[in-house]
Amino acid sequence: MKNTRKILVSLILVLAMIMSLATVTAFAADEAEQTRTIYFTNNQGWTKVNAYYWSSGSNPVAWPGAAMEKDSTNDYGQDIYAISIPASTENIIFNNGSEQTVDIKLNTAVNGYYLTEKNASGKWGVGTWNNNPDGCNHSPEGEAIESVAATCTEDGSNTYKCSKCGENYTEVVMAAGHKYENGKCTVCKAVPTFTVAGVKELCGTAWDTGNTANDMTYDETTGTYSKTYENLPAGTYSFKCVQDHDWNPSYGGVGETADKDGNFVVTLTGETNTLTITLTGTTVSVKVGDVTTDDPTDDPTDDPTDDPTDDPTDTPVATDYYLVGYINGANYGCDDDYQNLGDYKFVDGKVTATFNEGSYVFVKTGDNAKWYMTEGWLGTEVTEAILYDSSIGLTEANKLHVPGGVEVEFTLTVNEDGTLTLSYEVKGGTTPDPKPETPPTFTVAGTGAHLGTEWDTTNTANDMTYADGVYTKVYTNVKAGDYAFKCAKDHAWDVAYPAEDYKYTVDADGSTVTITFDGENVEVDVTAPAAPKPDDQQKPDDQQKPDNQEPEQPEEELGFFEAIWQAILDFFKSIGDFFAGLFGGSEE
């Protein structure tokens with residue numbers, strides 16, 4: 001009996017230790033997992049909502065982030081989504097896999113967001129609200145009592161009287177960011193800021209887009225940005241030029257000046273060096289002392305000892321202009337051939353040429369620094385166009401179409417506002433009938449097992465068939481459910497229709513879904529399957545399962561705390577078995 005008591009006491013002590021350990025572990029986990037809940041009003045009807053969040057350069061979730069869960073519906077019938085994230089999170093982006101918001105800096109005063117309007121980059125701006133589960137979720141009564149307008153860089157606010165509780169409350173209006181057009185913001189007239197972000201030995205902080213000490217100086221006359229570093233020791237330096245303290249967009253090296261990541265790389269050999277970095281349009285160049293290291297037009301036979309008495313009034317090379325583009329079916333001075341100035345140099349504002357086939361042209365300066373292009377696609381019938389310096393931020397930089405098989409004379413005029421006027425006149429030959437344009441490819445990208453991969457613009461199995469101006473895609477044996485999609489152009493999200501995800505419902509398994517798209521309108525036709533024949537009817541349940549056996553359920557893998565609880569239950573069961581055996585044995 002004494003041994004029995006010892007065993008029982010020992011078992012109780014072990015149980016107490018296990019429960020104490022579980023309590024301490026759970027407490028430590030609660031301490032470590034301090035979170036906050038963020039809400040998103042789905043006022044644009046996205047079919048799914050993701051939250052991509054990060055802090056201090058770390059990315060705790062992979063793009064497009066963690067899926068948010070529907071929490072409630074507001075008074076306007078809009079779904080509200082919620083997600084719990086680490087309380088230390090600094091930044092968040094809401095997205096649906098294709099569309100996204102701007103980068104949002106979180107603060108403790110706001111926990112709810114909704115979409116406002118898209119900026120020039122196609123990203124949604126956001127407004128704010130506060131979800132207060134323990135109090136009044138305010139709703140405005142009429143117009144704002146007081147408003148502070150948001151600027152491109154500073155948040156604004158609107159103060160309302162609540163129609164529910166009568167109290168005044170304030171909503172933050174997030175800064176929308178700059179909207180650049182022709183090199184200036186259409187809202188505040190500011191020009192973009194460019195910053196050198198690179199190795200610590202060059203910039204003081206490594207790859208830091210926010211270090212304003214590396215901001216470049218803008219020259220309004222030339223439209224170029226520059227930054228000079230002095231007293232640099234010999235070594236290899238890499239960097240990029242980033243816009244508005246963000247990595248998108250950013251510009252680095254090309255060809256021999258680039259590393260595998262596209263950074264500009266320059267090697268200095270002197271004991272102390274002066275390095276000047278220049279950004280012209282999208283082209284980065286560097287100058288070490290008095291030598292520009294990446295000028296492809298430098299004559300290798302030039303005397304390296306430049307005469308300091310050279311007349312500073314010499315006409316710069318940049319006053320020469322060249323006609324370049326996609327000519328006769330090949331790059332000519334653009335893309336990978338960007339350093340080539342070619343043979344089409346304007347002399348007294350004129351160039352005569354005959355192209356074998358229809359071509360697309362623009363103009364570059366003789367120093368390969370400035371590229372002048374059209375704003376948008378002008379069509380095949382236009383013979384005169386205004387060309388803009390592409391470095392000032394064209395919304396859609398494009399080229400002028402020129403027919404092939406005829407002799408044309410180009411005329412170039414420099415305008416007072418810095419733009420160029422390019423025109424051409426057919427001088428000889430007969431303009432051939434234009435070749436029929438190959439229609440673009442459109443691909444269905446959306447949800448559903450019948451697509452193979454979801455929201456995938458590159459899956460050619462979902463390419464649509466084109467005929468008489470209409471694109472069509474047919475799916476058979478589609479399961480019942482709710483689905484959504486867009487028609488994406490040329491396997492990318494740059495152009496996709498409709499603007500918001502198209503949603504449709506399939507009521508029965510085995511349906512046929514036909515999606516049609518005519519360039520503007522998207523239509524879906526769902527055909528339900530025919531009713532099964534009597535011979536095809538399912539047998540009663542008791543004939544479906546042999547011997548009425550239930551299917552074996554897969555064993556679930558237990559989590560950490562579930563495993564501890566199961567161990568405790570097993571422990572008590574063993575105690576019960578012990579006492580049952582002990583007392584049962586004594587009765588015998």
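Just so it is clear, the structure is predicted and the values come from calculations on it, not from any experiment.

### Re the sheet that holds strand β34 (residues 442–446)
If you trace the three strands from one edge of the open sheet to the other, you get β34-β37-β38, paired in antiparallel fashion. The sheet terminates laterally at β34 and β38 (496–506), the two strands that pair on one side only. Averaged over all neighbouring strand pairs, the angle between strand axes comes to 30°, with direction disregarded. Bridge count for β34 against strand β37 (residues 481–489) is five bridges, and the pairing is antiparallel. Across the sheet, the residue bridging to Ala445 is Lys486, located in β37.

### Focus: the environment of Cys152
Following the sequence through the fold, Cys152 ends up in the loop between β10 (146–148) and β11 (156–161). Judged by its relative accessible area of 8%, Cys152 is buried. In this structure the C-alpha to C-alpha distance between Cys152 and Gly177, which are 25 residues apart in sequence, comes to 4.3 Å.

### Describing the environment of Ala492
Here Ala492 is to be found in the loop between β37 and β38. A relative accessible area of 22% places Ala492 in the partly exposed class. Separated by 47 residues in sequence, Ala492 and Ala445 place their C-alpha atoms 9.9 Å apart.

### Examining the pattern of salt bridges
One side chain can pair with another of opposite charge once the charged atoms of both are near each other. A full pass over the atoms with the stated rule returns six salt bridges. In this structure, the salt-bridge partner of Asp79 is Lys70, at a minimum N-O distance of 3.3 Å. Taking the shortest distance from any N to any O, the salt bridge between Glu99 and Lys486 comes out at 3.3 Å. Here Glu99, found in the loop between β6 (91–95) and β7 (104–105), pairs with Lys486, found in strand β37; they are 387 residues apart in sequence, far enough to count as distant.

### Examining the sheet that holds β7
Sheet strands pair by backbone hydrogen bonding; their relative direction is either parallel or antiparallel. The strand order across the open sheet built from four strands is β3-β2-β6-β7, with neighbouring strands paired in antiparallel fashion. Strand pairing shows two members of the sheet lacking a second neighbour, β3 (66–67) and β7, which therefore form its edges.

### A look at unusual backbone geometry
The omega torsion of the bond from Tyr497 to Pro498 falls at -10°, within 30 degrees of zero and hence cis. Residue position: Pro498 is located in strand β38. Non-glycine residue Trp455 carries a positive phi angle of around 50°. Mapped onto the elements of the fold, Trp455 is located in the loop between β34 and β35 (465–467). You can call Trp455 buried: its relative accessible area is 10%.

### Remarks on the confidence of the model for the protein
On average, the protein scores 78 in pLDDT, and the residues at 70 or more come to 75%. For the stretch residues 24–32, pLDDT sits under 50, and the model shows three contacts to residues farther than four places along the chain or on other chains. Low pLDDT, under 50, characterises residues 292–318; the stretch is placed with 19 contacts to residues that sit more than four places away or in other chains.

### Digging into the pairing of strand β12 (residues 168–173)
When β11 meets β12, the two strands line up antiparallel, connected through six bridges. Counted as the bridge partner of Ser157 is Val172 from β12. A loop of six residues connects β11 with β12, the two strands running antiparallel in sequence, and Gly166 in this loop sits at a positive phi of about 80°.

### What to know about the packing of aromatic side chains
In this structure the tally under the stated criterion is 25 aromatic pairs. Summarising the aromatic geometry, the rings of Phe194 and Tyr251 are spaced 6.2 Å apart at their centres and angled 45° between planes, so their arrangement reads as tilted. With Phe194 in strand β15 (residues 194–198) and Tyr251 in strand β19 (residues 250–251), this residue pair connects regions lying 57 residues apart in the sequence. Each of the two residues, Phe194 as well as Tyr251, counts as buried. Looking at Lys227, its charged tip hangs above the ring of Tyr229, at a distance of 5.6 Å from the centre. One cation-aromatic arrangement involves Lys473 over Tyr475; the distance from NZ or CZ to the ring centre is 5.6 Å.

What counts as what
Residues numbered from 1 in each chain as written. Predicted model: local features only at pLDDT ≥ 70, side-chain atom pairs only at ≥ 80, totals over all residues. Heavy atoms only, no water. Pairing = 2+ DSSP bridges. Helix = DSSP H or I, 4+ residues; strand = E, 2+ residues; numbered from the N terminus. Axes fitted to C-alpha atoms, helices over the stretch in contact; angles between N-to-C directions. Buried < 20%, exposed > 50% of the residue type's maximum accessible area, 1.4 Å probe, protein only. Salt bridge = Lys/Arg side-chain N within 4 Å of Asp/Glu carboxyl O. pLDDT = per-residue confidence, 0-100. Contact = heavy atoms within 4.5 Å. Phe/Tyr/Trp six-rings, centres within 6.5 Å; stacked < 30°, edge-to-face > 60°. Lys NZ or Arg CZ within 6 Å of the ring centre and 35° of its normal.

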